[in-house]
Amino acid sequence: LSSVALYRIADCLSASAGVDDRLSGLDGNGAHQARPTRYTINSTAAIKYASERITVTGRLNHVVTKEKTILRQAAESYNHLSPTAGLNWTVWPAAGLHLRASYSNTLRLPTFNDLYFEQIGRRDLRPERASVTSAGIVIENEAAGIRYSIYADAYNSNVKDRIMAVPGKNTAVWMMKNIGLVTTHGLETGLELHSLQGLVRPSVMVSYTYQRSMDKSDSNSSTWNHQLPYTPRHSASAVTWIETPYVNASLNLLYSGEYYCNGYNGPEYRMPWYYELGCSLWRTFSIRSFDISLKAECINLTDSRYELVRNYPMPGRQVRLTATIEL
């Protein structure tokens, strides 16, 4: 059940409130299934000021949960208040130059699988509580029939009780666990170019992320200040595509730098960098009242060999054909 209300106080000022009620359950055919039920009330109050050059938002979110199970003890119920604030300032309208900053405090509840799935779930798993501060710059404009966007954001986050999946007794059976405190310093930057004119319209999107995620749980631990497992410091992606009256084509690249498969960043746990290249062709036809889309994709075009989890290689080159009909 959802309800929302909006009230415009003045031309530049508005306030809103909303309430979401959700009842969730998980069933199974096993003899020892917990069969949990969770009732969640999510209430939000927000205010927004928006002028021609400045937008300021503030929001307060309140989450209340009540959890029950048929078998064994249920996970804890929670009551959490989360503030969020944001600012967007158009410094130079003619150039499309914006400055932005935000702060958010969030609560992420464990899923039913995290808590109750046999051998994987943990009943004592705690929710993540995160505070994130970010600041950045954006340039958005059009010139010579090309729309472009350049952005860069720096952020810092502190996550208490970070939820992660880690190998258990063997790499085939994983388990959920909490990491007491994780501090992350990061940078995200990207470029977008879109052609707006002509029969052939190319576009390009490129992004890069630097992420230093450190375990700050225990200064006496061997993992103190070490990078979180399965979290690369450097990652990037690029997508380019061309739209024509006859057929559309795209090429995409995904890159991940080195990372570690263990909380202790010893050389024996280092995983090598990898990349994956893909391409696709697609076309949409209109026949009477139907839209038919045909798409051909090649995933991992260069047949790159890599592992996300040690000793579990990812698939090589794949070809996929897709037909979609919209009535």
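Overview of the structure. (Residues numbered from 1 in each chain as written. Predicted model: local features only at pLDDT ≥ 70, side-chain atom pairs only at ≥ 80, totals over all residues. Heavy atoms only, no water.)

Our next topic: the overall build of the protein. What the protein contains, in helices and strands, is one helix and 19 strands. The principal-axis extents of the C-alpha atoms in the protein amount to approximately 65 × 60 × 50 Å. Evaluated residue by residue, the protein yields a buried proportion of 28% over its 327 residues. Taking the contacts inside the protein whose residues are at least 6 apart along the sequence as the reference set, 53% of them involve residues at least 24 apart. Total accessible area computed for the protein in this model is approximately 20000 Å², and 58% of it derives from carbon and sulfur atoms. (Helix = DSSP H or I, 4+ residues; strand = E, 2+ residues; numbered from the N terminus. Buried < 20%, exposed > 50% of the residue type's maximum accessible area, 1.4 Å probe, protein only. Contact = heavy atoms within 4.5 Å. Areas by Shrake-Rupley, 256 points an atom, 1.4 Å probe, with all protein chains shown as cover.)

Within the fold, Tyr260 resides in strand β13 (residues 259-260). It is 9.9 Å that separates the C-alpha atoms of Tyr260 and Arg310, two residues lying 50 residues apart in sequence. There is a polar contact of 3.5 Å between the side chain of Tyr260 and the side chain of Arg270. (Polar contact = N/O pair within 3.5 Å; in protein donor to acceptor, adjacent residues only side chain to side chain.)

What follows covers the packing of aromatic side chains. Aromatic ring pairs are defined here through the distance separating the ring centres and the angle between the ring planes. Evaluated as defined, the whole model comprises five aromatic pairs. Between Tyr255 and Trp273, the aromatic rings sit 5.9 Å apart at their centres with planes inclined by 45°, giving tilted as the arrangement. Separated by 18 residues along the polypeptide, Tyr255 in strand β12 (residues 248-256) and Trp273 in the loop between β14 (270-271) and β15 (274-287) bring together distant segments of the chain. Since its relative accessible area comes to 31%, Tyr255 is described here as partly exposed. On the accessibility criterion, Trp273 (48% relative accessible area) is partly exposed. Ring geometry for Tyr274 and Tyr306: centres 4.4 Å apart, planes at 5°, overall stacked. In this pair, Tyr274 is assigned in strand β15 and Tyr306 in the loop between β16 (290-299) and β17 (307-309), connecting sequence segments 32 residues apart. Each of the two residues, Tyr274 as well as Tyr306, counts as buried. Linked through ring pairs, Tyr255, Trp273 and Tyr275 together constitute an aromatic cluster. (Phe/Tyr/Trp six-rings, centres within 6.5 Å; stacked < 30°, edge-to-face > 60°.)

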